[in-house]
2 protein chains.
Amino acid sequence: MSRVGIINPGAMGISIAASARAAGHDVYWSSAGRSEATRQRAEEQNLLALASLNDLCASCDVIICVCPPHAAQSVAEAVIDAGFRGLYCDGNAIAPQKAQAIGARLATAGIDFVDGSIIGPPAWKAGATRFYLSGSSAEQIAELFNNTVTEAIVIGDEIGKASALKMAFAALTKGSTALLSAIYGTADQLGVRDDLEREWAMRDSDSVAQRRNQVRNVTEKAWRFAGEMQEIAATFESAGMPPGFFVAAHDVYERMAQFKDAENPPEIEVILGALTKQQ
Amino acid sequence: MSRVGIINPGAMGISIAASARAAGHDVYWSSAGRSEATRQRAEEQNLLALASLNDLCASCDVIICVCPPHAAQSVAEAVIDAGFRGLYCDGNAIAPQKAQAIGARLATAGIDFVDGSIIGPPAWKAGATRFYLSGSSAEQIAELFNNTVTEAIVIGDEIGKASALKMAFAALTKGSTALLSAIYGTADQLGVRDDLEREWAMRDSDSVAQRRNQVRNVTEKAWRFAGEMQEIAATFESAGMPPGFFVAAHDVYERMAQFKDAENPPEIEVILGALTKQQ
């Protein structure tokens, strides 16, 4: 059984931590600077609280990082500074070259690295959430999730493959919704939104409601998708593909970031107001 | 009954011309510089051949232009030079500001203008093809297609609305396929295409074949979609929306332009070879 540290137990991280707990491992988290709501979530899942990142790094054999993409590198630096000497897995939505850079940096501090990425919703039921892993020590991370609802899949020895897969997968889901949102904004600004929806409806009577909901349901998450779009743009560029889709998608999600705390999905007209406001 | 000139009777143009014929109008075309195949198609639809654009402009009350977007302005200039004095309808996939510029230019020569755009396949059966029209004389164009398989729909008095609708509609269909193609290229270059397709298949067993076919079936038309992507980029820019999706989509379709004369859709591996070749 391993001693696993989780950074940070947000909506996704807590579910991954819960799977490791279910497999019988001790799972720790650092409560420094975290909210009371996070503490409650962690206690409900029987995670063990430690007072600081230093304590976490001293207590754990393995650390798994699940954080927004912009924070991935600074978390890795903080773990180095805290003197960690075990196996570190980055599970974030970052470009493969960023994962490789993190791995190289950790290696200079004697820390072994596994590239990871999570596809699917927070892992609370079987069959929905895959934790993709790559790197020479990937099996060690995969084994932490044996017989749990987190399906760990090793896709190779190479650092960057797990991240590349996440980027390509999210490019379609989140890229398509950004594209659709920008089309709504353009049609609205040019006075043809009703005409466009009527043409869509003639082809498929359900399509207008589906497309409005696709845009409406992304608004709450848009604030954190913006950074992921930058990672995907960098990924496309490194693969020799045109990155412009995701430069634009980043702009779209930035314009929607204001809906972060909305209780219900806003009406399409409210979203269009935010999208088309003079930048 | 009107005397209608069609520029040019390509795959789409010939079907629009056939509808105007079916409604009882005389439909003319200029055979100057056109192929024997075009002549045969025109004769089959009982179009009347004239020797030159000058003759066409002298003989017709109405001219409808259906051509690739890059040629729209030069055709309008040629019609001015040929001394046309009737009603001119541009039915091309161009940015609304380009339609407005063409209309303004034609007005200086005393030519009345209607903005048009065609959504759907060539108009050979009812219910599939809409000819959207806008401008103060739009009804005059719409009436040419009464009781035919070309469904003419007037969406306003304003030049640019018909073009804007086409841009927004094509942005989703052609933009989505360009995005998917670029994702395939990225995943392939980064060594995760099989992993990506396996993840897609776990979510929907039909999705891999559907997505491969979506990419494969666009290749033959990619050469002419490239110019349309530039028009959509300009449209998004004029609406204050980020144009990068279509800058990238243009690059993707340019890379596929080589498949113009392919008899059958190429295999995905062949397409990926073209997409990922060093640019």
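Residues numbered from 1 in each chain as written. Chains lettered and ligands numbered in written order. Predicted model: local features only at pLDDT ≥ 70, side-chain atom pairs only at ≥ 80, totals over all residues. Heavy atoms only, no water.

## As for the overall build of chain A
Which entries qualify depends on this criterion: Starting at the N terminus, helices and strands are each numbered in turn, a helix being any DSSP run of H or I of at least four residues and a strand any DSSP run of E of at least two. Only the C-alpha atoms count toward the radius of gyration. The rule for a globule is 2.2 Å times the residue count to the power 0.38. A simple rule labels every residue: compare its accessible area, found with a 1.4 Å probe on the protein chains alone, to the largest value its type can have, and call it buried under 20%, exposed over 50%, or partly exposed in between. Any pair of residues with heavy atoms lying within 4.5 Å of one another is described as a contacting pair. The protein chains shown are the only cover counted for residues, whose accessible areas, like all others here, come from Shrake-Rupley with a 1.4 Å probe.
Tallying secondary structure elements over chain A gives 12 helices and eight strands in all. Over its C-alpha trace chain A gives a radius of gyration of 20 Å, about what one expects of a compact globule, namely 19 Å for 279 residues. Considered along the principal axes of its C-alpha atoms, chain A spans approximately 60 × 40 × 35 Å. When burial is assessed residue by residue, chain A has 57% of its 279 residues classed as buried. For chain A, long-range pairs separated by at least 24 residues make up 63% of all intrachain contacts whose partners lie at least 6 apart in sequence. Per element, the accessible surface of chain A, about 11000 Å² overall, is 46% carbon and sulfur.

## Side note on the confidence of the model for chain A
Should the pLDDT be low somewhere, the predicted coordinates at that spot are not to be read in detail. Put simply, the rule reads: Confidence of the prediction at every residue is given by pLDDT, a number between 0 and 100.
Of the residues in chain A, 99% reach a pLDDT of 70 or more, and the chain-wide mean stands at 96. In the model output, the complex is listed with pTM 0.96 alongside ipTM 0.96.

## A closer look at the packing of aromatic side chains
Aromatic rings in a pair are described by how distant their centres are and how their planes are angled relative to each other. All names here are of chain A. This is how it is decided: In summary, the pairing rule links any two rings of Phe, Tyr or Trp, Trp by its six-membered ring, whose centres are within 6.5 Å, and it sorts them by plane angle into stacked for under 30 degrees, edge-to-face for over 60 and tilted for everything else.
Scanning the model with the defined rule gives 12 aromatic pairs over all chains in all. With 5.4 Å between their ring centres and 85° between their planes, Phe225 and Tyr253 make a pair best called edge-to-face. One end of the pair, Phe225, is in helix H10 (residues 222-238); the other, Tyr253, is in helix H11 (residues 244-255), with 28 residues separating them in the sequence. Given the relative accessible area of 5%, Phe225 is considered buried.

## Some thoughts on the interface of chain A and chain B
How we decide: By buried area we mean the combined loss of accessible area, with a 1.4 Å probe, across both parts when two parts are placed together. Salt bridges are defined by distance alone: a side-chain nitrogen of Lys or Arg within 4 Å of a carboxyl oxygen of Asp or Glu. Two N or O atoms count as a polar contact when they lie within 3.5 Å, although within protein this holds only if one can serve as hydrogen donor and the other as acceptor, and sequence-adjacent residues are included solely when both atoms are side-chain atoms. Residue type decides the class: Asp, Glu, Lys and Arg count as charged, Ala, Val, Leu, Ile, Met, Phe, Trp, Tyr, Cys and Pro as nonpolar, and the leftover types, Gly among them, as polar.
At the junction of the two partners, chain A supplies 54 residues and chain B supplies 54 residues. Across the chain A/chain B interface, buried area totals approximately 4400 Å², and carbon plus sulfur atoms make up 74% of it. It is Leu179, Met241 and Phe245 of chain A in chain A that bury the most area against chain B; as a group they hold 16% of the surface buried on that side. Along the contact surface separating chain A from chain B lie two salt bridges. Notably, a salt bridge pairs Arg130 of chain A with Glu199 of chain B, separated by 2.6 Å at the nearest N-O pair. Inspection of the chain A/chain B interface yields eight residue pairs in polar contact (both at pLDDT 80 or more). Mapped onto the side of chain A that touches chain B, the elements with two or more residues apiece are strand E7 (129-134), helix H7 (161-189), helix H8 (193-203), H10, H11 and helix H12 (268-276) of chain A. Considering each element in turn, the side of chain A that touches chain B owes the most residues, 18 residues, to H7 of chain A. The residue makeup of the side of chain A that touches chain B, split by class, is 33 nonpolar, 12 polar and nine charged.

## A short note on the relation of the copies chain A and chain B
To be explicit about the condition: Least-squares superposition aligns the copies on the C-alpha atoms of those residues with pLDDT at or above 70 in both.
Once turned by 180° and shifted 0.0 Å along the axis, chain A lies on chain B with an RMSD of 0.1 Å. On the angle and the small slide along the axis, the relation comes out as a two-fold axis. With an isologous cut-off of 70% or more, the 100% of interface residues of chain A that recur at the interface of chain B puts this contact in the isologous class.

## What about the pattern of salt bridges?
Here the structure, examined in full by the defined rule, presents 23 salt bridges over all chains. The shortest N-O distance in the salt bridge between Glu36 of chain A and Arg39 of chain A comes to 3.9 Å. Highlighted residues: Glu36 of chain A and Arg39 of chain A, both in helix H2 (residues 36-44), separated by three residues, approximately one helical turn. Since its relative accessible area comes to 49%, Glu36 of chain A is described here as partly exposed. A residue is classified by how much of its surface remains accessible, and Arg39 of chain A, at 32% relative accessible area, is partly exposed. It is possible to trace a salt-bridge network through shared partners that takes in Glu199 and Arg203 of chain A together with Arg130 and Glu151 of chain B.

## Digging into the nonpolar core
Here is the rule: What is meant by a nonpolar core is a set of buried Ala, Val, Leu, Ile, Met, Phe, Trp, Tyr and Cys residues, joined one to another through side-chain atoms within 4.5 Å.
Residues Phe245, Phe246 and Met256 of chain A together with Phe245, Phe246 and Met256 of chain B are the most contacted members of the largest nonpolar core, which totals 96 residues. Residues contacting Met256 of chain A, with those up to four places away along its chain left out, are Ser181, Val215, Val218, Thr219, Ala222, Ile271 and Leu275 of chain A.

## Observations concerning the environment of Val247 of chain B
Residue and element names in this part refer to chain B. With respect to the helices and strands, Val247 occurs in helix H11 (residues 244-255). A relative accessible area of 45% means that Val247 is categorised as partly exposed. Sequence spacing of Val247 and Ile94 is 153 residues, and the spatial spacing of their C-alpha atoms is 15 Å.

## Section: the packing of helix H4 (residues 72-81) of chain B against helix H5 (residues 96-108) of chain B
Residue and element names in this part refer to chain B. Put simply, the test is: Angular values range over 0 to 180 degrees, each being the angle between N-to-C directions of two axes fitted as lines to C-alpha atoms, with helices fitted over their stretch in contact. An angle below 35 degrees is read as roughly parallel, one above 145 as roughly antiparallel, one from 65 to 115 as roughly perpendicular, and any other as oblique.
Remark: H4 packs on H5, axes separated minimally by 10 Å, with the N-to-C direction vectors making an angle of 10°. Considering their axes alone, H4 and H5 lie roughly parallel with respect to each other. Along its contact with H4, which presents Ala72, Gln73, Ala76, Glu77 and Ile80, the element H5 presents Lys98, Ala101, Ile102, Arg105 and Leu106. For the contact of H4 with H5, a count of residues per class yields six nonpolar, one polar and three charged.

## Focus: the sheet that holds strand E4 (residues 62-65) of chain B
We count it as follows: Note on pairing: DSSP must find at least two bridges between two strands before they are called paired.
Read across the open sheet, the eight strands follow the order E3-E2-E1-E4-E5-E6-E7-E8 (chain B); overall the sheet is mixed. For this open sheet the edge positions go to strand E3 (48-50) and strand E8 (150-154) of chain B, each flanked by a neighbour on one side alone. Mean inter-strand twist for the sheet, computed between neighbouring axes without regard to direction, equals 25°. Note: strand E2 (residues 26-30) of chain B against E3 of chain B, three bridges, orientation parallel. Among the inter-strand pairings, Tyr28 of chain B is bridged to a residue of E3 of chain B, identified as Leu48 of chain B. Strands strand E6 (112-119), strand E7 (129-134) and E8 of chain B of the sheet are contacted by H8 of chain A, whose axis makes an angle of about 170° with E7 of chain B. The strands that helix H7 (residues 161-189) of chain B touches are E6 and E7 of chain B; relative to E6 of chain B, the one it contacts most, it runs at about 20°.

## Examining the packing of H7 of chain A against helix H8 (residues 193-203) of chain B
We apply this condition: Note on convention: the crossing is left-handed when the near helix lies turned anticlockwise from the far helix by less than a right angle, right-handed when the turn is clockwise.
Put simply, H7 of chain A and H8 of chain B touch, their axes get as near as 9 Å, and they point 50° apart. With respect to H8 of chain B, the axis of H7 of chain A lies oblique. In this structure, H7 of chain A meets H8 of chain B at a crossing whose hand is right-handed. Facing H7 of chain A, whose interface residues are Lys161, Leu165, Ala168, Phe169 and Leu172 of chain A, H8 of chain B presents Asp195, Leu196, Glu199, Trp200 and Arg203 of chain B.

## Points about the side chain of Thr186 of chain B
With respect to the helices, strands and loops of the structure, Thr186 of chain B is situated in helix H7. The exposure class assigned to Thr186 of chain B is buried, which follows from its relative accessible area of 1%. Residues in contact with Thr186 of chain B, not counting those within four places in the same chain, are Thr235, Phe236, Ala239 and Met241 of chain A.

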